[in-house]
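# Coordinate analysis (summary)
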Amino acid sequence: MAVSVEVPKLGNTVEECLIAKWRKQPGDPVSEGEIVADIETDKATFEVTSPANGTLLARFFDEGTLAPVFANLFVVGEPGENVDSFRPPGAPERSAPPAEAKPAAAAAASARAETPVAAAAPAGQMSPRARRFAERHGLTWSGMPMPAGSGPGGRILEDDLRQQYYSSPRVSSAARMRLADGAVLGGEGSGAAGMFLASDAGAPARRISGIREKIALRMRESLASTAQYTLTASANAGGLLLVRAKIKASTGVPDININDLVTFCTIQALLEAPDLNAEFRDGTIHRHADVHIGFACDTPRGLMVPVVRNAHRLSAGELSLRMKELTAKAVQGNISVDDLSGATFTVSNLGSLGIESFTPLLNPPQVAILGVNAIQLKAVRRNAGIEFIDSIGLSLTLDHQVIDGAPGARFLKVIREKIENVEKLCTI
Amino acid sequence: MYDLIVVGAGPGGYEAAAHAARMGKKVALIEKERLGGTCLNVGCIPAKTFLRSSKLFHECREAAAYGVRLGSVEFDMPAVVERKNRVVKTLTKGVEGMLKRAGVESLQGQARLIGRNAVQVGDRRYEASHILIATGSRPAVPPIPGIRSGSVFDSDTVFTLDHLPREVAIIGGGYIGLEFACFFHEAGAKVAVYEMLPQIAAGSDTEISSRMLQILKRQGVEFHLSAKVLAVEGDTIHYAGADGAKASATADCILNATGRTPSVAGLGLEDIGVDFGPRGIRTSEQGKTNVAGIWACGDVTGRRMLAHAATREGIVAVNNMFGHKDRIRYRAIPAVIYTHPEVASVGWTEEELKQAGVEYRKSVVPMAVAGRFLVEHEDPAGMVKVLAGARFHEILGVHAIGDGSSEFIVAAAVMVETEMCVADASEIVFPHPTVSEALREAILGVH
């Protein structure tokens, strides 16, 4: 004797349930109490069991469709029994389901390319009803956390989404477009009732440029392959300022700036300290008789280090001119690779930006780099009293693998002497 | 001990006081003059009642064009003033009743802050956890010799006029000057406006203000732009024109409409270290001043100087002081100039977008695309301009000139506030036939 099972009424306000999953195929034997179907309301999932032992004769609704409560859901009986009298009005006369039941909502979602719900929420995490709600209300979660699911195993139910939709801040259309563009929303919305506005979306993550990637690699290598440390000292900058003032006051002389002068002094110092005008590669020190000076240069594309070849052969004026040429090329982006390689020592100046002390990073295989800092007033004891002098800070980074503290300090002392005697070194 | 003392009973102060009282807080509202502040007594409301009368008068004189023949029509200034007083009284009573129902205690007198939690009124001292300064602003007095003389009216004293002047000289072509220019002109006076800048309605979208200039000129208002008023002597105004040439003009009414200055004097702000300058008390977007427990809203902060901005600022301050996070966003505060035609706007102007380097699209349609506008106007001058982001077409600004625009600008404000894109806004149905359809057409025109 065939018996039918109705769609249960799972709540006062529930008028229809969604057929989430059929566990049995028509023709399958079923025993009393065995689960035949999973159905869902907007708040809960529910298992429908067989009331008797027998064979599943018919299923009246497909997976993913809505069935009104109290409608006959399936029939269990003896094979061959007629089930037509149980068929609810409007149910298709077909007992065999499609071979591969595909949730209708998912199909619809994939048909609507602008609603990436299916992609945002993997099947199984979200109930078909929830999926339908999301689709109808245009909910997407790209860049935002999904709501917590209250269903079994954290499964997101329709009610969870409804709660979120009506209680949480909306996202403005412009903000939604920025999200689709890859921007990420964080914190709280700044619009009316907490609405997320376009201005709340941070800039989308962006791949760094090729040159930036190269800088990143070199900086990492620098730290990974050396034992660098920095010594800091200062030199009386009175001479530098005096020379600079003379240059400014004269006409027809090259416009040599403080950085050029310090670089020039450093080159003179390097001629006396060949250990630092060197490269350290594979356990071998390569000292250089010639000074090819690299100088850090801030460009729109990032840090570049142009190189003045045979800088020791240049006068201060010639050095300054060459540095200006190379800087212009670097800034314009038409500097050749040759002009960016082969340095034996590097100078980096952040003093013009007001930096008082920093730790320059080595450009391996070079063994030293000089950081030039800002000129500041410094109190010194002189004769019986205190005097204020202009003082320029110097930060020398060295590779401790080959240069110990004392020789490093001695070299820094030589640079200081050169700087303090710059008037004698370069005549304008 | 009060939870909140509000100083100043204008639209910033009284709304904030009522809001706090409705939250169950013990609130006192101190006012030295009249309930309702500038807006109700010598600002928005009186000006609009005057403009209502002048518009009606003007329409009566134009009635024949609409097929209505009238006998002689007269402008009865005393009756206009009487009506204005009646309207103001009704609204003031309304505010009074509203405050009473909300449970706000009203105090009369000049308040002086004597601590971050204490206010002196006369010889009485009142204490509160929070103090909200909402003392508004007063007409600015620029350094022009003679401008302080009794013969020069300002936007406070002009409402005491008991007769219509024959000739009116208005110093200042901002929204105050323009509204009075419109009133006096429609009422039948000869009006000249002297503006220091090369454009009128400074801060408005230039395309709109140029259009307005053109329309008002056509109506017969005289404009002197880039004109510097040098001195006022009795009924004579001395000025240097755009070319620098000095000239003089006489008028039996001279109106100083050069803007408004925050009312910060006499409050004791210096004594307790509240940070303020000539542009007003500095506040955060939560309404906080630099002194904990002291808040400010409205014209006294010198920010937007609009009644509805003051109201919102006051409510934002109250929400924050009692633990509800809120902040004011100035970008979507609409502004209206109640001339005929009206000017209504919200959001970015085209000049602001250019200056900020924001890429945008614009769409401009004549108001006459709306059938209703044509129905209402024999001379259908006006336009609606929509500015939208170049990439997403989010609506950034809406600027309109034409009667009726003040009533539909709030729809545009919602669009700007919620960053609606043109595609979303295009799905909104506008009632037909209304002037607002011009906004719809302008939105659809963004490509």
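Residues numbered from 1 in each chain as written. Chains lettered and ligands numbered in written order. Predicted model: local features only at pLDDT ≥ 70, side-chain atom pairs only at ≥ 80, totals over all residues.

Here the focus is the overall build of chain A. The helix and strand tally for chain A stands at 11 helices and 18 strands. Sorting the 428 residues of chain A into buried and exposed places 35% on the buried side. Taking as baseline every contact in chain A between residues at least 6 positions apart, the subset at least 24 positions apart corresponds to 62%. (Helix = DSSP H or I, 4+ residues; strand = E, 2+ residues; numbered from the N terminus. Buried ≥ 20, exposed ≤ 12 C-beta atoms within 10 Å, placed from the backbone. Contact = placed C-beta atoms within 7 Å.)

Moving on, we come to the overall build of chain B. In terms of helices and strands, chain B carries 13 helices and 24 strands. When each of the 447 residues of chain B is scored for burial, the buried share is 48%. Contacts in chain B between residues at least 24 apart in sequence constitute 67% of all its contacts with a sequence separation of at least 6.

Next up on the list: the sheet that holds strand β3 (residues 29-30) of chain A. Residue and element names in this part refer to chain A. Pairing is antiparallel in the open sheet, where 4 strands are placed in the order β1-β8-β6-β3. In this open sheet, the two edge strands, each paired with only one partner strand, are β1 (3-6) and β3. Pairing geometry for strand β6 (residues 54-59) and strand β8 (residues 72-77), over 4 bridges, is antiparallel. Pairing of arginine 59 across the sheet is with phenylalanine 74, part of β8. (Pairing = 2+ DSSP bridges.)

Next up on the list: the interface of chain A and chain B. Accessible area lost during the coming together of the parts is what is often quoted as the interface size. Contacts between the two partners involve 11 residues from chain A and, on the opposite side, 10 residues from chain B. In terms of residue class, the side of chain A that touches chain B is made up of 7 nonpolar, 4 polar and no charged. (Nonpolar A, V, L, I, M, F, W, Y, C, P; charged D, E, K, R; others polar.)

So, on to the nonpolar core. By size, the foremost hydrophobic cluster in this structure holds 144 residues, and its most contacted members are Val6(B), Ala17(B), Leu29(B), Leu132(B), Ile133(B) and Ile170(B). For this core, the element with the highest residue contribution is helix α5 (residues 175-187) of chain B, accounting for 9 residues. Among the nonpolar cores identified, the runner-up in size contains 53 residues, and Ile258(A), Val305(A), Ile375(A) and Leu398(A) belong to it. (Core = buried A, V, L, I, M, F, W, Y, C linked by C-beta atoms within 7 Å.)

This part is about the pairing of strand β5 (residues 118-121) of chain B. Two faces, one strand: in a regular strand the side chains alternate between the faces of the sheet. Residues and elements named next belong to chain B. Pairing geometry for strand β4 (residues 111-115) and β5, over 4 bridges, is antiparallel. Opposite glycine 115, over in β5, you have alanine 118 as the bridge partner. Once β4 ends, the chain turns through 2 residues before running back antiparallel as β5. Bridge count for β5 against strand β6 (residues 124-133) is 4 bridges, and the pairing is antiparallel. In the sheet register, valine 119 faces β6, and the bridge partner there is tyrosine 126. What sits between β5 and β6 in their antiparallel hairpin is a turn of 2 residues, with glycine 122 showing a positive phi close to 60 degrees.

This next bit is on the pairing of strand β12 (residues 228-233) of chain B. Residues and elements named next belong to chain B. Sheet topology note: the β12/strand β13 (residues 236-240) ladder contains 5 bridges and is antiparallel. Bridged to alanine 231 within β13 is histidine 238. Remark: 2 residues form the turn of the hairpin made by β12 and β13, two consecutive strands paired antiparallel; glycine 234 in that turn has positive phi of roughly 55 degrees.

Right, let's get into the environment of Pro341(B). All names here are of chain B. Counting through the fold element by element, proline 341 comes out in the loop between β20 (335-337) and β21 (343-347). A C-alpha to C-alpha distance of 8.0 Å links proline 341 and alanine 381, two positions 40 residues apart in sequence. Ignoring anything within four residues of it in the chain, the contact list for proline 341 reads Ile215, Ala381, Gly382, Ile401, Gly402 and Asp403.

A word on helix α4 (residues 77-102) of chain B. Because an α-helix completes one turn every 3.6 residues, residues spaced three or four positions apart along the sequence face the same direction. With 26 residues, α4(B) ought to run about 38 Å at 1.5 Å a step, and its terminal C-alpha atoms sit 37 Å apart, in line with that. When we look at burial in α4(B), the residues that qualify are Val80(B), Val95(B) and Leu99(B). (Expected span 1.5 Å × (residues − 1).)

For chain A, the mean per-residue pLDDT works out to 84, and 90% of the residues sit at or above 70. For the stretch residues 94-121 of chain A, pLDDT sits under 50, and the model shows 45 contacts to residues farther than four places along the chain or on other chains. (pLDDT = per-residue confidence, 0-100.)

Next up on the list: helix α1 (residues 13-22) of chain B. With 9 of its 10 residues buried, α1(B) lies for the most part within the structure. Among all positions in α1(B), only Gly13(B), Tyr14(B), Glu15(B), Ala16(B), Ala17(B), Ala18(B), His19(B), Ala20(B) and Ala21(B) are buried.

A few words on the packing of helix α3 (residues 44-61) of chain B against α4(B). All names here are of chain B. Relative to each other, α3 and α4 sit at 140 degrees, their axes nearing to 9 Å. With respect to α4, the axis of α3 lies oblique. Once α3 is placed against α4, the crossing between them reads as right-handed. Taken together, the residues of α4 that come into contact with α3 (itself represented by Ile45, Pro46, Thr49, Phe50 and Ser53) are Val80, Arg83, Lys84, Val87, Val88 and Leu91. Residues of the contact of α3 with α4, tallied by class, amount to 7 nonpolar, 2 polar and 2 charged. (Axes fitted to C-alpha atoms, helices over the stretch in contact; angles between N-to-C directions. Parallel < 35°, antiparallel > 145°, perpendicular 65-115°, else oblique. Left-handed = near helix turned anticlockwise from the far one by under 90°.)

All names here are of chain B. Where α3 contacts α5, the axes come no closer than 8 Å and their chain directions differ by 35 degrees. The element α3 and its partner α5 pack so that their crossing is left-handed. Residues Ala47, Phe50, Leu51, Ser54, Lys55, Phe57 and His58 of α3 form the contact with α5, whose own contacting residues are Glu179, Cys182, Phe183, Glu186 and Ala187. Residue composition of the contact of α3 with α5, by class: 7 nonpolar, 2 polar and 3 charged.

What follows covers unusual backbone geometry. The peptide bond linking Pro364(A) to Pro365(A) adopts the cis configuration, its omega dihedral lying at 10 degrees. As for its position among the elements, Pro365(A) is in the loop between β16 (345-349) and β17 (368-382). A positive phi is found at Ala201(B), a non-glycine position, where the angle reads about 50 degrees. Structurally, the position occupied by Ala201(B) is in the loop between β10 (190-194) and α6 (206-219).

Residue and element names in this part refer to chain B. Strand order in the open sheet formed by 5 strands is β8-β15-β9-β10-β11, with parallel pairing between adjacent strands. Since the sheet does not close on itself, it has two edges, and those belong to β8 (152-154) and β11 (222-224), each with one partner. Within this sheet the neighbouring strands show an average axis-to-axis angle of 25 degrees, counted without direction.

Within the secondary structure, Asp255(A) sits in the loop between α7 (238-249) and α8 (258-272). On a C-alpha basis, the gap between Asp255(A) and Gly317(A) in space is 7.8 Å, while along the polypeptide they are 62 residues apart.

Moving on: the confidence of the model for chain B. With 100% of its residues at a pLDDT of at least 70, chain B reaches an overall mean of 96. Both scores are available for the predicted complex, with the pTM at 0.69 and the ipTM at 0.74.

Here we take up the environment of Val316(B). Residue and element names in this part refer to chain B. Counting through the fold element by element, valine 316 comes out in helix α8 (residues 307-321). Sequence-wise, valine 316 and glutamine 286 are 30 residues apart; in three dimensions their C-alpha atoms are separated by 6.1 Å. Contacts of valine 316, omitting those with residues within four sequence positions, involve Gln286, Gly287, Asp326, Arg327 and Ile328.

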